[in-house]
Amino acid sequence: MPINLNGRSLLTLRDYSPDEIEYLINLSINLKAKKRSGISGTALQGKNIVLLFEKTSTRTRCAFEVAVFDEGGNVTFLTNSQMGVKESIEDTAKVLGRYYDGIEFRGYQQETVENLALHAGVPVWNGLTDSYHPTQILADLLTMKEHIYKPFRKMKLSFVGDARNNMGNSLMIGAAKMGISFTAVAPPSLFPSEEIVNYARGIAAESGAVIEVTDEIAPGVKGSDAIYTDVWASLGEEDKLAERIALLQPYQVNGDLMKKTGNPDALFMHCLPSFHDSNTSIGATVKEKYGLDAMEVSDEVFRSRQSIVFDQAENRMHTIKAVILATCGKL
Ligand code: CP
Ligand code: NVA
């Protein structure tokens, strides 16, 4: 069956089959090559896209905007809508669906993006909620394909840190679907939920991936092709920073942890933004208050030859473009 994603929303990778994910990755590869050759597209000519943000962003907003502009479409960036305050999500979705051909949402509750999709009548894309970050995973899969010279089914990815956040959840699902063995390495209080682990293991039974959860760093990261980490306190969890610093300091990705993989070529991955130094206002406060130069990753690892974080960031744009074109463009 040929793959046709026209009209589909992307709310979580749970809703996409491995073949559909592979299709989006391959489309991204083509779109990346097209951009590199300087060819601009027309797949979104006459199309209008709205970007609805409750939380801050650099990559996601800019990747969506550039992706749409590259293909001849228009965008509206909306941060101060009536939604949820003076107007229900349902009514907002119905209105936006009359104006726009697609809606991107970044915010707190997964329920909000699900609700938008239920009522908009046009594709809705999850640009991050507290639970999931599916467009980030597409970029990460593309980046792994570009840098690790073996099939997904032979790769091992370890996520170290807050393994129950949107990134931990989404990576586990994406890896299980594509057959990548995945280990969540975290203190027990930050383990992913049993529901997600059981779901991922259910898929892994078909894809051949091994899904593990452990609080032991050395066996957890051993044999990894890539180590992935994320901030210790996600957007909206700023009040949890002190608690997380205490819990996660032993899990910092540094030279010592990278050595424990036993793989001198193990890659370092991060969705960004990252606290790898104190050159941010939060980083400076953390340094002053807790004496830490970095949080989830040392500056040395972040800047090392194994670090592919800026390739991941670039690939956000190519993969988001693929999602928009596949679901509402003229392909
Ligand atoms: N990785 C990511 O989603 O970055 P932003 O928060 O800057 O969009
Ligand atoms: N877990 C992070 C991801 C940022 C892209 C957050 O939600 O803030």
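Model, not experiment: these values are computed from the prediction.

(A) Representation of the site of ligand 2 within the structure. Around ligand 2, the neighbouring residues are Leu128, His133, Asn165, Asn166, Asp230, Val231, Ser234, Leu235, Cys271 and Leu272. Between ligand 2 and Asp230, the relevant distance is 2.6 Å, taken from a nitrogen atom to a side-chain nitrogen or oxygen of the residue. In this structure, a nitrogen atom belonging to ligand 2 sits 2.7 Å away from a side-chain N or O atom of Ser234. Burial of ligand 2 by the protein amounts to 93% of the accessible area it has alone, namely 270 Å². Among the cavities detected, the one that contains ligand 2 is the largest pocket. Of the residues in the shell around ligand 2, the class split is five nonpolar, four polar and one charged.

(B) Here's a closer look at the nonpolar core. By size, the foremost hydrophobic cluster in this structure holds 90 residues, and its most contacted members are Leu157, Ile180, Phe182, Val253 and Ile324. Filtering out sequence-adjacent residues up to four positions away, Val253 remains in contact with Val160, Ile227, Thr229, Met258, Phe268, Glu296, Val297, Ser298 and Val301. Membership of the second largest hydrophobic core comes to 14 residues, among which are Met83, Leu96, Leu116 and Val124.

(C) Region of interest: the packing of aromatic side chains. In total, this model carries five aromatic pairs according to the counting rule given. With a centroid separation of 6.0 Å and an interplanar angle of 35°, the aromatic rings of Phe64 and Trp125 are classed as tilted. Taken as a pair, Phe64 in helix α2 (residues 59-70) and Trp125 in strand β4 (residues 124-126) lie far apart in primary sequence, 61 residues in all. What makes Trp125 buried here is its relative accessible area of 0%. Each ring, one from Tyr99 and one from Tyr100, has its centre 6.2 Å from the other, and the planes form 70°; the classification is edge-to-face. A residue is classified by how much of its surface remains accessible, and Tyr99, at 56% relative accessible area, is exposed. You can call Tyr100 buried: its relative accessible area is 14%.

(D) View of the sheet that holds β4. Read across the sheet, four strands follow the order β2-β1-β3-β4 without closing on themselves; strand pairing throughout is parallel. Because the sheet does not close on itself, it has two edges, and the strands there are β2 (74-78) and β4. Averaged over neighbouring strand pairs, the angle between their axes works out to 20° when direction is ignored. The pairing of strand β3 (residues 102-106) with β4 spans three bridges and is parallel. What sits directly across from Glu104, in β4, is Trp125.

(E) Up close: helix α13 (residues 309-328). With 20 residues, α13 should reach 28 Å at 1.5 Å per residue; the first-to-last C-alpha distance of 29 Å fits that figure. Along α13, the sharpest change in direction is near 30° and occurs at Asn315. Within α13, 16 of the 20 residues are buried, which leaves it mostly tucked inside the rest of the structure.

(F) Examining the layout of surface pockets more closely. If you add up the space inside the largest pocket, you get close to 530 Å³. Those elements that place two or more of their residues in the lining of the largest pocket are α2 and α6 (166-178). Among the residues forming the lining of the largest pocket, the class breakdown is 13 nonpolar, eight polar and six charged. Of the pockets and cavities examined, the second largest pocket occupies roughly 160 Å³. Only α10 (255-259) and α12 (299-302) provide two or more residues apiece to the lining of the second largest pocket. No other element matches α10, which puts three residues into the lining of the second largest pocket. Along the lines of polarity and charge, the residues of the lining of the second largest pocket split into four nonpolar, six polar and two charged.

Rules of the game
- Residues numbered from 1 in each chain as written.
- Chains lettered and ligands numbered in written order.
- Predicted model: local features only at pLDDT ≥ 70, side-chain atom pairs only at ≥ 80, totals over all residues.
- Heavy atoms only, no water.
- Near = heavy atom within 4 Å.
- Polar contact = N/O pair within 3.5 Å; in protein donor to acceptor, adjacent residues only side chain to side chain.
- Areas by Shrake-Rupley, 256 points an atom, 1.4 Å probe, with all protein chains shown as cover.
- 1 Å grid on protein atoms, 1.4 Å probe; cavity = no way out; pocket = protein on both sides within 12 Å on 5 of 7 lines; lining within 4 Å.
- Sits in = over half its atoms within 2 Å of the grid points.
- Nonpolar A, V, L, I, M, F, W, Y, C, P; charged D, E, K, R; others polar.
- Core = buried A, V, L, I, M, F, W, Y, C linked by side-chain atoms within 4.5 Å.
- Buried < 20%, exposed > 50% of the residue type's maximum accessible area, 1.4 Å probe, protein only.
- Contact = heavy atoms within 4.5 Å.
- Phe/Tyr/Trp six-rings, centres within 6.5 Å; stacked < 30°, edge-to-face > 60°.
- Helix = DSSP H or I, 4+ residues; strand = E, 2+ residues; numbered from the N terminus.
- Pairing = 2+ DSSP bridges.
- Axes fitted to C-alpha atoms, helices over the stretch in contact; angles between N-to-C directions.
- Expected span 1.5 Å × (residues − 1).
- Bend = angle between axes of the 7 residues up to and from the residue.
- Points joined across faces, edges and corners; volume = space filled by probe spheres on them.

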